[in-house]
Structure formats: C-alpha cells, structure tokens
Amino acid sequence: MHHVDRATPWEEIWQAMEQLVRQGKISYVGSSNFAAWDVALAQCAAPARHFMGLTSEQSLYNLAVRAVELELIPALRSLGVGLIPCSPLHLGRLAGLHETATEGRISDDSTQQRIGAHRDQLEAYEGLCRELGANPVDVALAWLLRNRVVATTVVGATTIEELQSDLGALSVQLDADVVERLDQIWPGPGEAPQAYAW
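These numbers come from a predicted model, not from an experiment.

Colleague: Which parts of the structure should I look at to understand the packing of helix α2 (residues 36–45) against helix α3 (residues 72–79)?
Modeller: Helix-helix packing is described using two parameters, namely the angle between the two axes and the distance between the axes. Running from N to C, α2 and α3 point in directions that differ by 20°, and their axes come no closer than 8 Å. Regarding the angle of α2 to α3, the classification is roughly parallel. Here the hand of the crossing between α2 and α3 comes out left-handed. Packed against α2, whose contacting residues are Ala-36, Val-39, Ala-40 and Gln-43, the element α3 presents Leu-72, Ala-75, Leu-76 and Leu-79 at the interface. Its residues placed into classes, the contact of α2 with α3 shows 7 nonpolar, 1 polar and no charged.

Colleague: Sorry, what's going on with the side chain of Ser-31 here?
Modeller: Relative to the elements of secondary structure, Ser-31 occurs in strand β1 (residues 29–32). Ser-31 gets classed as buried once you look at its relative accessible area, which sits at 3%. Apart from the residues lying within four places of it in its own chain, the contact partners of Ser-31 are Met-1, Val-39, Leu-54, Ser-56, Glu-57 and Gln-58.

Basis of the calculations
Within each chain, residue numbers correspond to sequence positions counted from 1 in written order. In view of the model being predicted, local features appear only for residues whose pLDDT reaches at least 70, and side-chain atom pairs are presented and counted only at 80 or more, with totals across whole chains, interfaces and linings using the full set of residues. As a convention, hydrogens and water are excluded, and side-chain values are obtained from all of the structure's heavy atoms. Structural elements are reduced to axes, namely lines fitted to C-alpha atoms, with helices fitted over the stretch in contact, and the angle between N-to-C directions of any two is expressed from 0 to 180 degrees. Here a strand is any run of E in DSSP of at least two residues, a helix any run of H or I of at least four, and the numbering for each starts at the N terminus. Here roughly perpendicular refers to angles of 65 to 115 degrees, roughly parallel to angles under 35, roughly antiparallel to angles over 145, and oblique to all remaining angles. We call a crossing left-handed when the near helix sits turned anticlockwise from the far one by less than a right angle, and right-handed when that turn is clockwise. The criterion used for residue contact is that any of the two residues' heavy atoms lie within 4.5 Å. As a working rule, the residues Ala, Val, Leu, Ile, Met, Phe, Trp, Tyr, Cys and Pro are called nonpolar, Asp, Glu, Lys and Arg charged, and the rest polar, with Gly in that last group. Any residue under 20% of the maximum accessible area for its type is buried, any over 50% is exposed, and the rest in between are partly exposed; the area is computed with a 1.4 Å probe on protein chains only.

Right, here's the structure in full:
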C-alpha cells in the first residue's frame, strides 16, 4: 500500500487484503511511506481478524536522511515489521558523487547543486571510505543492512553489472568505531521521546 488511506477503516482494508490473499493475488501485505502510528494502528487491527497484518514498510532511509529513526524504526522493531529502505544512496550522493564530480567526470549543474548542500559531509564520508578501502556504495548499503530492522533495500540497479556491484556491500563489515564515525558525519535524530523530550 503506497501511502495510507486514513479515510478508510482498517477493518475494511484488511478485509480487502484477506480477499486478495484468498484469491492468490498476493501472499503478504506491505506498506510504503506510513507513519509509525499508521503502522501501529494497522497491526492492532489485523489480529482481531486473525490476519498477519503488515510484513514490511518501505520508507526513505539512508545515511543522510534518517528521520525514520525517530519513531518508525522503533515501532517496526517492536511490531516485528521489516523495513525496506528506498533511495539508499540518497540519489547518488552516497555513491562517491563528490569525488567523481571534482575529478571532472560529472560537472553538470544539477549534480553540483546536489553536492553543494552536503559538501563537507560528502568529503568526510568519501575520505572515510578511502581509509577503509571500500567503495562508498558498499559502505552506504552495508550501514543499512547492519540494522536488524532492515529486511532488504531497494538498490535501484538497472543492469546486471550494477546489481553485482551492489552485492559488494555484503562483504563490508562495519565495526562499532566506523559506525560511530559515520554517525558523526551523518548524525541521526535519535529515538523518540528521548530525542526531543530532554
């Protein structure tokens, strides 16, 4: 379900999903761009119908965009719902874009604008990746996959070669020190309510 329909009761939504499962049209139900409280409401309504409920939530999540850490990820963890991050490379910014652009291979205006807002962070990030001897793509994906709530990620590969390249992330091990350094470069919001209550 891509975006929540707050005008329709969950009992009605689950009835429709149950019918789709019975008809063999779907096996599982996932959501996309739901707030934590939407996921919680959905999961509270499902057991009353003896229905599994949501198995996954797809949301924007990467090193640079971490708003889902505030409430969504803790909710998913508690409810046993897997997270499927989309835009894991932040539209290419976490793929070594800064280094590529400064070497002159990519110099169009839109690329320069995407880099400009995060220049210092990108320089620090790409420097850390060089220090690790790892591809920035692999580090960004490995960082996501080390989160136990993340079930998989939408990598956006358009060729077999790109997909094979993305699989390099599986061989990257990020120790606690590296994760702490990544958090310093790309700080997250923390979890609610501690992040904003005190």
